[in-house]
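# Coordinates in review
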Amino acid sequence: MSLQMVSTVSNSSLIQPGFSLLNFDGHVFFFGQKGWPKRSCPTGVFLLDIKQNELKMKPVFFSKDSCYLPPLRYPALCMLRSDARADEYQYIIHGGKTPNNDLSDKIYFISLVSKTSKKMTFQCIEKDLGGDVPEARYGHTINIVHSRGKSMSVLFGGRSYTPLAQRTTETWNSVVDCLPSVFLIDFEFGCCTSYMLPELQDGLSFHVSIAKDDTIYILGGHSLQNNTRPPSLYKLKVDLPLGSPAVTCTILPGGISVSSAIVTQISDTEFVLVGGYLSDNQKRLACNTIVLEDNKIEIVESVGPEWTPDIKHCRMWFGCDMGKGSVLLGIPGANKQIIPDANYFYILRCKGAEEDKEEELITQTCSQTSSEDPGDSTPFEDSEEFCFSAEANSFDADDADTYNEDDEEDESETGYWITCCASCNIDINTWVPFYSTELNKPAMILCSSGAGHWVHAQCMDLSETVLLRLSEANVKYFCNKHIDLNKGLQTPQKVVCLKKPPMKPLRKKKTMKLSTSAKKSFLRRLFE
């Protein structure tokens, strides 16, 4: 094994515990950034371009028929092929946390649809499921099994929030182990079936799962309820006959007490287990080789790399499997760094460079990280542990657009990330949507003063009702600073009606009565 440090050229602060890596045609892609996607890369998915020990992040695109993929951290993912040896494949992504700490129960299919020297385009499709749909969770695993010419997905473990009916003020955001149910998911028909097996008594999260043919091996993990890392090793066998599937579980000896370990595949039958945690305060620096042959599993300790002093003494570490026997590792940076949340990164190669060129990535492994962002003083937990998914090859596109953190300051067109007023309290990295009018973006409205400028509805104290009324009607709006330009747009004050005295009735004019002789005399003079 060899360990090599890489320097991050662009926006390393996006890479935090809980990210995921995908490997398509030898290129490695990153998603699950810290915070919501920004205008410079609205998809939130990046190509990791590593050349001469430098790591650059280059934004990628999604096709027009793609659904929105939120920046999920700590999801379960695995590779899906039409059959066990097919060349074309896609990734399944399930669960995970959004930047708002909401848990996702959705399942996505992501595939590479086109590739040029300057542009990578993905397609993302959300899959609707029926039946025993798994609840929203993180820290779990998902794998694909093949039996009798058919394929199914197997989902197990993870953590979720305490059910609403069981929450109290003190435990409102507490997490609990999910039930130890095994879910079989048939993507062809979109249906799920759950199985409760007597061998699986406790919920597990941040375990390792390795799939081969019709068998899945589940190794290690952390039980939140008991706060233990049992040296467990389970063998799940899935039979897919014409009728109902059959799922059996066998408890095997020789397990390892570890959580949040990373698995990378180096051959058809050989895997390497890297790192993990032995306890809340002790990292596991040992490595193991796992061999799957003849329907058996063999786990032996192997010679690890020469860990650097920084890795040995750091409180926590994180990363993801890159495929082809390589792992991207990260450790927290020193507090004296200019960027406080920046990290140091290493690439661990578990096999020689010659093998690396010859082998194709054929993996069906899942490894999971955990949940909360690392703190400076508290001991690390599984929620701060690492997640891993292939060696990064160079991408022949030196002139491709590179994600530039400075671009985030120029939001004059969309306005979402601007400081809209002196009292603007929208943090572009941590804000929570406020009756959002667009998916995962704060509600905005255009002030009509001069050329116009965007303001946040939240900062202007606009109610949702007012915001909807202004958006539906073609009405000019002026922000708090420019409201004096048009007083008529302000809500008119109530005017007290003055009481008017009742009008007096008009007096009838008195008419003079003339005698008959007088009338004749008047007419005679009138016509003379």
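Looking up the chain in an unreviewed UniProt entry gives the name V(D)J recombination-activating protein 2, with the organism given as Geospiza parvula. Regarding the chain, the UniProt comment filed under Sequence similarities (unreviewed entry) reads as follows: "Belongs to the RAG2 family." Recorded in UniProt for the chain, the comment headed Subcellular location (unreviewed entry) runs: "Nucleus".

## Notes on the overall build of the chain
Across its full length, the chain carries four helices and 33 strands. In the chain, which comprises 528 residues, the share counted as buried stands at 49%.

## Description of the sheet that holds strand β11 (residues 130–131)
Ordered in space as β11-β17-β16-β13-β12, the five strands form an open sheet in which the pairing is mixed. In the strand order of this sheet, the two ends are held by β11 and β12 (141–147), each with one partner. Judged from the two bridges that link them, β11 and strand β17 (residues 191–196) form a sheet pairing that is parallel. When the sheet's bridge partners are listed, Gly-131 is paired in β17 with Cys-192.

## Re the pattern of salt bridges
Applying the stated criterion across every chain, the model contains seven salt bridges. Of the charged contacts, one joins Arg-159 and Asp-177 as a salt bridge, the two residues approaching to 4.0 Å between their closest N and O atoms. Residue Arg-159 is located in strand β14 (residues 159–161), and its partner Asp-177 is located in strand β15 (residues 175–177); the two are separated by 18 residues in the primary sequence. Side by side, Arg-159 and Asp-177 carry an identical accessibility label, which is buried. The partner of Asp-214 in a salt bridge is Lys-237, with the nearest N and O atoms 3.0 Å apart. Of this pair, Asp-214 sits in the loop between β18 (208–212) and β19 (215–219) while Lys-237 sits in strand β20 (residues 233–239), placing them 23 residues apart in sequence. Residue Lys-237 is classed as partly exposed on the basis of its relative accessible area of 31%.

## Digging into the packing of aromatic side chains
By the definition in use, this model includes 15 aromatic pairs. Taking the centre distance of 6.3 Å and the plane angle of 80° together, the rings of Tyr-89 and Tyr-91 count as edge-to-face. The pair formed by Tyr-89 and Tyr-91 is uniform in burial state, with each residue classed as buried. Both rings, one in Tyr-138 and one in Phe-206, keep their centres 6.3 Å apart while their planes meet at 50°; by these two values the pair is tilted. Residue Tyr-138 is located in the loop between β11 and β12, and its partner Phe-206 is located in the loop between β17 and β18; the two are separated by 68 residues in the primary sequence. Taking NZ or CZ as reference, Lys-97 lies 4.8 Å from the ring centre of Tyr-138, over its face. The ring of Trp-317 has Lys-283 sitting right over it, with the charged end atom 5.8 Å from the ring centre.

## Digging into the side chain of Thr-162
Along the chain, Thr-162 turns up in the loop between β14 and β15. Setting aside chain neighbours within four positions, we find Thr-162 in contact with Arg-167, Thr-171, Ser-174, Val-175 and Val-176.

## Description of the sheet that holds strand β10 (residues 120–127)
The strand order β6-β10-β9-β8-β7 describes an open sheet built from five strands, whose pairing is mixed. The strands lining the two open edges of the sheet, one partner per strand, are β6 (61–62) and β7 (76–81). Note that β7 and strand β8 (residues 89–94) share six bridges and pair antiparallel. Residue pairing in the sheet places Ala-76 in a bridge with His-94 of β8.

## As for the UniProt feature "binding site: Zn(2+)" (unreviewed entry) in the chain
UniProt tags Cys-420, Cys-424, Cys-447, His-453, His-456, Cys-459, Cys-479 and His-482 as "binding site: Zn(2+)" (unreviewed entry). Summarising the element assignment, His-453 is placed in strand β33 (residues 453–456). A relative accessible area of 25% places His-453 in the partly exposed class. Apart from the residues within four sequence positions on either side, His-453 is in contact with Cys-420, Ile-445, Leu-446, Cys-447, Cys-479 and His-482. Its location among the elements puts His-456 in strand β33. On the accessibility criterion, His-456 (0% relative accessible area) is buried.

## Brief notes about the state of the cysteines
Within this structure, the stated rule accounts for zero disulfides. Cysteine Cys-421 shares no disulfide, and the gap to the nearest cysteine sulfur, in Cys-420, comes to 3.9 Å.

## Some details on unusual backbone geometry
Residues other than glycine predominantly adopt negative phi, and peptide bonds predominantly adopt the trans conformation. In the Ramachandran plot, Arg-148 falls in the positive-phi region, its phi being about 55° despite a non-glycine side chain. Here Arg-148 is to be found in the loop between β12 and β13 (150–156). Note on Arg-148: relative accessible area 60%, which makes it exposed. One non-glycine residue with positive phi stands out, namely Phe-206, at about 60°. Under the relative-accessibility criterion, Phe-206 is labelled buried at 0%.

## Notes on the environment of Leu-462
Note that Leu-462 resides in the loop between β33 and α3 (464–472). Given a relative accessible area of 11%, Leu-462 falls into the buried group. When the C-alpha positions of Leu-462 and Ala-443 are compared, they lie 9.7 Å apart, and in sequence the two are 19 residues distant.

## Section: the pairing of strand β3 (residues 27–31)
Extensive coverage of β3 is indicated by the burial of five of its five residues. Burial along β3 is two-sided: the residues His-27, Phe-29 and Phe-31 and Val-28 and Phe-30 are all buried. Linking two consecutive strands that pair antiparallel, namely strand β2 (residues 20–24) and β3, is a turn of two residues; a positive phi of about 55° is found at Asp-25 within it.

## Regarding the pairing of strand β1 (residues 2–8)
As a general feature of sheets, a regular strand has side chains that alternate between the two faces. Two strands pair when backbone bridges link them, and β1 and strand β30 (residues 343–349) are joined in this way by five bridges, in the antiparallel orientation. From the neighbouring strand, Leu-3 faces β30, where its bridge partner is Leu-348.

## Quick notes on the environment of Ser-181
Mapped onto the fold, Ser-181 is located in strand β16 (residues 181–186). A relative accessible area of 8% means that Ser-181 is categorised as buried.

## Considering the environment of Trp-307
Positionally, Trp-307 belongs in the loop between β27 (296–302) and α1 (309–313). As for Trp-307 and Leu-3, which are separated by 304 residues in sequence, their C-alpha atoms are 7.5 Å apart. Ignoring any residue separated from it by four or fewer positions in sequence, one finds Trp-307 in contact with Leu-3, Val-274, Leu-285, Cys-287, Lys-312, Trp-317, Leu-329 and Leu-348. Looking at Trp-307, its side chain comes within polar contact range of the main-chain oxygen of Leu-285, at 2.9 Å.

Rules and cut-offs
- Residues numbered from 1 in each chain as written.
- Predicted model: local features only at pLDDT ≥ 70, side-chain atom pairs only at ≥ 80, totals over all residues.
- Heavy atoms only, no water.
- UniProt positions renumbered as here; feature names shortened; annotations may be inferred.
- Helix = DSSP H or I, 4+ residues; strand = E, 2+ residues; numbered from the N terminus.
- Buried < 20%, exposed > 50% of the residue type's maximum accessible area, 1.4 Å probe, protein only.
- Pairing = 2+ DSSP bridges.
- Salt bridge = Lys/Arg side-chain N within 4 Å of Asp/Glu carboxyl O.
- Phe/Tyr/Trp six-rings, centres within 6.5 Å; stacked < 30°, edge-to-face > 60°.
- Lys NZ or Arg CZ within 6 Å of the ring centre and 35° of its normal.
- Contact = heavy atoms within 4.5 Å.
- Disulfide = S-S within 2.5 Å.
- Polar contact = N/O pair within 3.5 Å; in protein donor to acceptor, adjacent residues only side chain to side chain.

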